[in-house]
Amino acid sequence: MKTDKPSVTLSEGQAIVKEAQRLLGASSRRRFLRNGLTLGGVAMLTGCDLSGNASVEQALSRISGFNDRVQGWLFNADRLAPVYPESMITRPFPFNAFYGEEDAPEIDGDDYRLQVAGLVLDKRDWTLAQLHRMAQIEQVTRHICVEGWSAIGKWGGVPFAAFLKAIGADLQARYVGFKCADDYYTSIDMATALHPQTIMALTYDGRILPRKYGYPMKLRMPTKLGYKNPKHIQVIEVTNRFPGGYWEDQGYNWFGGS
Ligand SMILES: Nc1nc2c(c(=O)[nH]1)N[C@H]1C(S)=C(S)[C@@H](COP(=O)(O)O)O[C@H]1N2
Ligand SMILES: [Mo]
């Protein structure tokens, strides 16, 4: 996402966050407290540089509008994220990463080996062909990025719960961590890993997952914000040691979803 860090000092930042909490309505305030409102989050959510009062006002009104919509899309009472008809797919679907599209990793699918580590009984590597031989599902869901955009796409692949069972993962473990070919990393709780809509995506819109969207495999979770959905996964680790994440370690909320 070509990160422009907010151009404010720490104390200005704290004042802005406080102002945000005061100006926002009670329900957004609760949500922010739950989900962690950080200065970086405010800046990225709104695309505002937060350097003056006018931009602060603008940022705050964008936040409250966007968050009300996110609430409806993601934070769903029954814990199933909404699914959409194919006619609603966003074309072209946006690319995002902490770098530009031309720098997305180039991975040779024949050489690719997925590694599994940590609390699993079977630590053998997986080839792409083996992943493709497992039962697949497809779903049309909304991807929401904290930078303030969302888009609907169709991902297909292996239900992650089935994969975790296949490798004999300790399903009582607390976390599943992911390491990616571009040095991105993130992690999720076991309940989310086992959620029926969490898939190891091998396809996008009915075709092999394109390079820019995470070839050869990404984790797709419609119950989580975009940054929790790792692309180009190379290592999956089941662990009780908190693995953190690329954005999470810079202040983004670790849970990042519903
Ligand atoms: N490996 C990797 N995964 C990543 C990222 C990244 O930079 N590298 N960016 C995250 C963010 S912030 C978003 S919004 C989505 C974007 O996915 P897309 O390119 O399929 O839209 O990927 C997420 N997963
Ligand atoms: Mo994102």
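As the structure is a computational prediction, the values presented were derived from the model and not from experiment.

A. A look at the overall build of the chain. In terms of helices and strands, the chain carries seven helices and nine strands. Split into buried and exposed, the 258 residues of the chain put 53% on the buried side. Considering only residue pairs separated by 6 or more positions, the chain has 69% of its internal contacts joining residues 24 or more positions apart.

B. Representation of the nonpolar core in the model. Counting 29 residues, the largest nonpolar core has L114, L131, F160, F163, M200, M217 and I236 as the members making the most contacts within it. Those elements giving two or more residues to this core turn out to be α5 (128–133), α6 (160–166), β4 (175–180), α7 (190–193), β6 (199–204) and β9 (233–239). Residues within four places of M217 in sequence aside, it is in contact with Y112, L114, L131, M200, A201, L202, L209, K231, H232, I233 and I236. Counting residues in each nonpolar core, the second largest holds 23 residues, with Y84, F93, C180 and Y204 among its members.

C. Broad picture of the site of ligand 1. Ligand 1 sits among 21 residues. The nearest are P94, N96, D182, N229 and K231. N229 has a polar backbone atom sitting 2.8 Å from a nitrogen atom of ligand 1. Protein burial of ligand 1: of its 530 Å² of free accessible surface, 100% is covered by the chains. Residues belonging to the shell around ligand 1 are distributed by class as follows: 13 nonpolar, five polar and three charged.

About the cut-offs
- Residues numbered from 1 in each chain as written.
- Chains lettered and ligands numbered in written order.
- Predicted model: local features only at pLDDT ≥ 70, side-chain atom pairs only at ≥ 80, totals over all residues.
- Heavy atoms only, no water.
- Helix = DSSP H or I, 4+ residues; strand = E, 2+ residues; numbered from the N terminus.
- Buried < 20%, exposed > 50% of the residue type's maximum accessible area, 1.4 Å probe, protein only.
- Contact = heavy atoms within 4.5 Å.
- Core = buried A, V, L, I, M, F, W, Y, C linked by side-chain atoms within 4.5 Å.
- Near = heavy atom within 4 Å.
- Polar contact = N/O pair within 3.5 Å; in protein donor to acceptor, adjacent residues only side chain to side chain.
- Areas by Shrake-Rupley, 256 points an atom, 1.4 Å probe, with all protein chains shown as cover.
- Nonpolar A, V, L, I, M, F, W, Y, C, P; charged D, E, K, R; others polar.

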